[in-house]
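Single-letter residue listing:
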Amino acid sequence: MSRFERHEEHGSLIDGPMERLFEYLDDQTHLTDHMSKPSWKMGWGRMVTELDDRKGRSVGSYIHIHGRVFGMRLFVDEIVTEREPPLRKVWETAGEPRLLVIGPYRMGFNLEPENSAVRLRVTLHYDLPAKGMSRLLGLVFGKAYAKWCTRQMAEDAQRHFNRHSEPILRPFVDESR
């Protein structure tokens, strides 16, 4: 049983070798890409991901994410707690994060072969912020943010592999002209 109160997950079916997908996802900057570009969902701010010398690719690796969202300075420290190439990776918050709508969390991904593709499942187990305005914002927006975050990670990987793979069908060419 999880020690976190809330849970969200999103899955995608991705064409490509499981080992290559794991290698792509093992790079934490790919997983945080959706937060690195200003957007209305990020309050026109952005977050920067800093990795230790192990680049987040081993148990005990340290990840620091910081930036501004809606003009507020936010940060979270994460540590990789599980890593089983090419099947899964898990990381969780270290210390008390300063986030807007979620509090401490454990996040990860699982890969499972499915026919000639790979089933990716991104999971997020989280608590709401403990107090203050962030607690209230978490009650209102926490679930939506958790859904958006897990969906973005899965869909970013899917887009990356669709863009870098050969098309299955040839484009339609009208030869009647």
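The following refers to the structure shown. (Residues numbered from 1 in each chain as written. Predicted model: local features only at pLDDT ≥ 70, side-chain atom pairs only at ≥ 80, totals over all residues. Heavy atoms only, no water.)

Points about the overall build of the protein
When helices and strands are counted, the protein shows three helices and seven strands. Along its sequence from the N terminus, the protein presents helices and strands in the succession β-α-α-β-β-β-β-β-β-α. Counted over contacts in the protein with a minimum sequence separation of 6, partners at least 24 positions apart contribute 53%. Total accessible area on the protein is roughly 10400 Å²; 54% of this is exposed by carbon and sulfur atoms. (Helix = DSSP H or I, 4+ residues; strand = E, 2+ residues; numbered from the N terminus. Contact = heavy atoms within 4.5 Å. Areas by Shrake-Rupley, 256 points an atom, 1.4 Å probe, with all protein chains shown as cover.)

What about helix H1 (residues 18–25)?
Of the residues making up H1, those classed as buried are Met 18, Leu 21, Phe 22, Tyr 24 and Leu 25. Buried residues of H1, viewed axially, fall in a sector of 160°; they line one side. Facing away from the buried surface of H1 by more than 90 degrees, the exposed residues are Glu 19 and Glu 23. (Buried < 20%, exposed > 50% of the residue type's maximum accessible area, 1.4 Å probe, protein only. Arc of directions from axis to C-beta.)

Notes on the side chain of Thr 123
Counting through the fold element by element, Thr 123 comes out in strand S7 (residues 117–126). With near-sequence residues (within four places) excluded, Thr 123 lies in contact with His 7, Glu 8, Glu 9, Arg 106, Met 107, Gly 108 and Thr 150.

Section: the packing of aromatic side chains
Tallied over the entire structure, the rule returns four aromatic pairs. Through a chain of ring-to-ring contacts, the aromatic side chains of Phe 22, Trp 91 and Phe 109 assemble into a single cluster. (Phe/Tyr/Trp six-rings, centres within 6.5 Å; stacked < 30°, edge-to-face > 60°.)

Remarks on unusual backbone geometry
A cis geometry characterises the amide bond from Pro 85 onward to Pro 86, with omega recorded as -5°. Positionally, Pro 86 belongs in the loop between strand S4 (72–84) and strand S5 (88–93). Despite not being glycine, Lys 55 has its phi angle at roughly 60°, a positive value. Positionally, Lys 55 belongs in the loop between strand S2 (46–51) and strand S3 (62–69). Owing to a relative accessible area of 47%, Lys 55 belongs among the partly exposed residues under this scheme. Of note in this structure, Phe 70 is not a glycine but carries a positive phi near 50°.

Remarks on a nonpolar patch on the surface
On the surface, a cluster of nonpolar side chains totalling about 530 Å² of accessible area is made up of Met 133, Leu 136, Leu 139, Val 140 and Phe 141. Note that Phe 141 resides in helix H3 (residues 132–163). (Patch = residues over 30% accessible without salt bridge, like charges linked within 9 Å, V, L, I, M, F, W, Y side chains within 5 Å. Salt bridge = Lys/Arg side-chain N within 4 Å of Asp/Glu carboxyl O.)

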